[in-house]
Amino acid sequence: VKIRAAKSKPSDPEAFSSEEMAAILNRFSIASPHYLPWTKGLFWLAARPEELRALRWEHLASDGQALLIKEAWPIEAARPQTTKTRRSTRFPLNERLQKLFHSIKPLPCDPRDWIFKSIEGEAFNYANYQRRHWKPLVEQLVSEGKVSYYGSQYHARHTGITLMLRSGMDVEDVAYLTRTSRKVIFENYLARSRQIKVPEF
């Protein structure tokens, strides 16, 4: 009798807690300050790395209160292209995001220039960032017990989406802001609570 193997199920989505996010950002501010704005963008915009890489200053509203996310620039591609889902987002910037972009905007500013660049002033290489900065830094925090598990920079997107929803934002709004669907959010991004509390009913 041939026994049919059970189908493997994808693992549950994983996200860092708000405290772990703060620990990661704090460590970047000390160990790799040049990469702190990029890391904040990953978490606070819940964007894909290739979307952050494609951002130009012309995508920031003149009043600094919104950001247009409409392109992606994978490192293997010669030029920017449409986002993975072919969707665009006018992302309203809260106070901390406004401060972030204000703090890194050069004067004078070329509208066609990239927002996030390497130390050498070239297009940002998020694969090098992952290997040389994110991975050793987060692994060190795991060894210190300040972060519970290692996750790649893409887990910052999981984290941003999860924290937006936990803070009370509507799932349709989060789906719009992150250029995905509510179905994909529930299947691939929203992480369960670390400690589940069952209310009395």
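Structure shown above.
Residues numbered from 1 in each chain as written. Predicted model: local features only at pLDDT ≥ 70, side-chain atom pairs only at ≥ 80, totals over all residues. Heavy atoms only, no water.

Visitor: Help me understand the pattern of salt bridges, please; the structure alone is not making it clear to me.
Guide: Oppositely charged side chains can form a pair if their charged atoms are brought close together. Taken as a whole and judged by the stated rule, the model has 10 salt bridges. Residue Lys 135 is joined to Glu 139 by a salt bridge in which the shortest nitrogen-to-oxygen separation is 2.7 Å. Pair noted here: Lys 135 and Glu 139 are both in helix H5 (residues 126-143), with a separation of four residues, about one helical turn. (Salt bridge = Lys/Arg side-chain N within 4 Å of Asp/Glu carboxyl O. Helix = DSSP H or I, 4+ residues; strand = E, 2+ residues; numbered from the N terminus.)

Visitor: Even after reading the chapter, I still don't get the environment of Arg 192, so can you show me in this structure?
Guide: Note on placement: Arg 192 falls in the segment after helix H8 (182-189). Using a relative accessible area of 56% as the deciding quantity, one classes Arg 192 as exposed. Residues Arg 192 and Ala 15 lie 177 residues apart in sequence; the distance between their C-alpha atoms is 8.5 Å. (Buried < 20%, exposed > 50% of the residue type's maximum accessible area, 1.4 Å probe, protein only.)

Visitor: Is there a simple way to think about the layout of surface pockets in this case?
Guide: Where empty space is left becomes clear once a probe the size of a water molecule has been rolled over the atoms. Its volume calculated, the largest pocket comes out at about 370 Å³. Lining the largest pocket are 16 residues, with Ala 15, Ala 191, Arg 192, Ser 193 and Arg 194 positioned closest to its centre. Looking at the lining of the largest pocket, the elements that each hand over two or more residues are helix H1 (18-31) and helix H6 (155-166). In the lining of the largest pocket, the residues fall into six nonpolar, four polar and six charged. Computed from the structure, the second largest pocket encloses a volume of approximately 240 Å³. Taken together, 15 residues line the second largest pocket, and the ones lying closest to its centre are Trp 44, Asn 94, Arg 96, Met 164 and Met 169. Of all the secondary structure elements, the ones that give two or more residues to the lining of the second largest pocket are helix H2 (36-45), strand S4 (89-92), helix H4 (95-104) and H6. (1 Å grid on protein atoms, 1.4 Å probe; cavity = no way out; pocket = protein on both sides within 12 Å on 5 of 7 lines; lining within 4 Å. Points joined across faces, edges and corners; volume = space filled by probe spheres on them. Nonpolar A, V, L, I, M, F, W, Y, C, P; charged D, E, K, R; others polar.)

Visitor: What am I meant to see in the packing of H1 against H5 here?
Guide: Packed helix pairs are specified by the crossing angle of their axes together with the interaxial distance, meaning the distance between the axes. Direction vectors running N to C along H1 and H5 enclose 120 degrees, while the axes themselves pass 10 Å from each other. One finds that H1 runs oblique with respect to H5. Between H1 and H5 lies a crossing whose hand is right-handed. Together, Ala 23, Ile 24, Arg 27, Phe 28 and Ala 31 of H1 and Tyr 129, His 133, Trp 134, Leu 137, Val 138, Gln 140 and Leu 141 of H5 make up the contact between the two elements. Classifying every residue of the contact of H1 with H5 gives nine nonpolar, two polar and one charged. (Axes fitted to C-alpha atoms, helices over the stretch in contact; angles between N-to-C directions. Parallel < 35°, antiparallel > 145°, perpendicular 65-115°, else oblique. Left-handed = near helix turned anticlockwise from the far one by under 90°. Contact = heavy atoms within 4.5 Å.)

Visitor: When you look at the nonpolar core in this model, what are you seeing that I'm missing?
Guide: The tendency in soluble globular proteins is for nonpolar side chains to be buried as a group. Counting residues in each nonpolar core, the largest one holds 47 residues, and the members touching the most others are Ile 24, Phe 43, Leu 45, Leu 67, Phe 91 and Phe 101. Of all the secondary structure elements, the ones that give two or more residues to this core are H1, H2, strand S1 (66-69), H4, H5, H6, helix H7 (171-177) and H8. Contacts of Ile 24, omitting those with residues within four sequence positions, involve Phe 16, Thr 39, Phe 43, Trp 134, Leu 137, Val 138, Leu 141 and Val 147. (Core = buried A, V, L, I, M, F, W, Y, C linked by side-chain atoms within 4.5 Å.)

Visitor: What exactly am I supposed to notice about the side chain of Arg 179 here?
Guide: Along the chain, Arg 179 falls in the loop between H7 and H8. A polar atom in the side chain of Arg 179 sits 2.7 Å from the side chain of Glu 51. Beyond its immediate chain neighbours, meaning those up to four positions away, Arg 179 contacts Ala 46, Ala 47, Arg 48, Glu 51, Ile 69, Thr 83, Thr 85, Arg 87, Ser 88, Thr 89 and Arg 157. (Polar contact = N/O pair within 3.5 Å; in protein donor to acceptor, adjacent residues only side chain to side chain.)

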